[in-house]
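Structural features, examined
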Amino acid sequence: MLKETFLNSLSDSYIHVKPLKKDVFSPHISLDEAYQLQHAFTAAKRKNNEVLKGYKISMTSLETQSLFKAKEPLYGQLTDKQITSDISLSKHMLNPLIELEIIFVVKEQLTAASTIDEIINNTQIAPGLEVPDSRFEDWFPKMSKEQVCVDGAVGGKVTIGEAKDYTYKDIDNINGKLLYNGRMIDEGTSSIVMGHPVKALTWLLEKLGEHGLTLEPGMFVSSGTFILPKTLEIGTYTGEFEGIGSVTLSVTD
């Protein structure tokens, strides 16, 4: 009953864009239980006619893991409703941040048994901007990793640019820049993402395998941020990725 009540509160917060007190969430559940609750949260979204379209990988650097006392990344499930190129802060978001990420777009099914060569041959890459957001108020970086996990790895919105084929070398230690209203506000490299973004995708597939899940054609994966998250504000954000291209997100009131 407590689980059902919590999930109802989480779903209501997601649908009506209103924050939850962190104390509605039990601090005593395990990470495995947190993933079970996350999957139930996704199932509730399906009842709202949303479709699972992809995953985000969170905490892919030692720095972000240390913020939440985590020993490995987390994944979150994202739906079609969470893909966008424009955001209204007042209508869509609670306490959003913005991150600079490479997006993998899946062409053929991938499983925990897929090799790196199979991963590269069966995905494309795209420039991406991810907007983490939580249903819990005052969340960053003041939540436990279990709370982050339950909340879809604080899945908010994601903006995906044009996808193209690539090689391992194409995204090895490349530079990415985040611009706000045309001015660069931060930059980082792909090596921050577990040494290489493909390694993050390999981690995800292994973790999904533990949960009986796979990546299906048409799904996407937001692979991990090049930079520490920034507070999202009204304006225009552009992500520029060396050798890959750029992507733009418009944020209004």
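Residues numbered from 1 in each chain as written. Predicted model: local features only at pLDDT ≥ 70, side-chain atom pairs only at ≥ 80, totals over all residues. Heavy atoms only, no water.

**Comments concerning the environment of isoleucine 185**
Checked against the element boundaries, isoleucine 185 lands in strand β8 (residues 183–189). Owing to a relative accessible area of 28%, isoleucine 185 belongs among the partly exposed residues under this scheme. With 65 residues separating them along the chain, isoleucine 185 and isoleucine 120 place their C-alpha atoms 31 Å apart. Sequence-distant contacts of isoleucine 185, defined by excluding residues within four places in its chain, comprise Leu178, Leu179, Tyr180, Lys230 and Tyr237. (Helix = DSSP H or I, 4+ residues; strand = E, 2+ residues; numbered from the N terminus. Buried < 20%, exposed > 50% of the residue type's maximum accessible area, 1.4 Å probe, protein only. Contact = heavy atoms within 4.5 Å.)

**Describing the nonpolar core**
Counting 66 residues, the largest nonpolar core has Ile102, Phe104, Ile171, Leu204, Leu215, Tyr237 and Leu249 as its most contacted members. With 7 residues, the single largest contributor to this core is helix α7 (residues 197–210). If near-sequence neighbours (up to four positions away) are discounted, isoleucine 171 is found in contact with Ile102, Phe104, Ile125, Tyr166, Ser190, His196, Pro197, Val198 and Ile244. (Core = buried A, V, L, I, M, F, W, Y, C linked by side-chain atoms within 4.5 Å.)

**Quick notes on helix α2 (residues 31–47)**
Across its 17 residues, α2 extends 25 Å between first and last C-alpha, which sits within 8% of the 24 Å expected from 1.5 Å per residue. Within the sequence span of α2, burial applies to Leu31, Ala34, Tyr35, Leu37, Gln38, Phe41, Thr42 and Lys45. Burial along α2 is one-sided: seen end-on, the buried residues are contained in an arc of 160°. Of the residues in α2, the exposed ones pointing more than 90 degrees away from the buried face are Asp32 and Lys47. With its phi angle positive at about 65°, asparagine 49 sits one or two positions after the end of α2. (Expected span 1.5 Å × (residues − 1). Arc of directions from axis to C-beta.)

**Digging into the pairing of β8**
Both strand β7 (residues 175–180) and β8 contribute to a ladder of 6 bridges, which runs antiparallel. Bridge pairing links glycine 176 to glycine 188 in β8. Hairpin connection, β7 to β8: the antiparallel pair is bridged by 2 residues, and asparagine 181 has positive phi, about 50°. (Pairing = 2+ DSSP bridges.)

**Topic: the pattern of salt bridges**
Pairing between side chains becomes possible if they bear opposite charge and their charged atoms approach one another. Throughout the structure, instances matching the rule amount to 10 salt bridges. As a salt-bridge pair, glutamate 72 and lysine 207 come within 2.9 Å of each other at their nearest N and O atoms. One end of the pair, glutamate 72, is in the loop between α3 (62–67) and β2 (74–79); the other, lysine 207, is in helix α7, with 135 residues separating them in the sequence. With a relative accessible area of 27%, glutamate 72 lands in the partly exposed category. For lysine 207, a relative accessible area of 11% puts it in the buried group. One network of salt bridges, in which partners are shared, links Glu72, Lys207 and Glu210. (Salt bridge = Lys/Arg side-chain N within 4 Å of Asp/Glu carboxyl O.)

**Side note on the packing of aromatic side chains**
Applying the stated criterion to the full structure yields 9 aromatic pairs. With a centroid separation of 5.5 Å and an interplanar angle of 65°, the aromatic rings of tryptophan 139 and phenylalanine 140 are classed as edge-to-face. Seen from their ring centres, phenylalanine 226 and phenylalanine 241 are 5.5 Å apart, and the 85° between their planes marks the pair as edge-to-face. Of the two residues, phenylalanine 226 is situated in the loop between β9 (220–225) and β10 (230–231) and phenylalanine 241 in strand β11 (residues 235–241); the sequence distance between them amounts to 15 residues. By relative accessible area, which is 1% here, phenylalanine 226 ends up buried. Here a set of aromatic residues connected by ring pairs shows up, and it is made of Tyr35, Tyr55 and Tyr75. The ring of tyrosine 14 carries lysine 45 above its face, with NZ or CZ at 4.6 Å from the centroid. (Phe/Tyr/Trp six-rings, centres within 6.5 Å; stacked < 30°, edge-to-face > 60°. Lys NZ or Arg CZ within 6 Å of the ring centre and 35° of its normal.)

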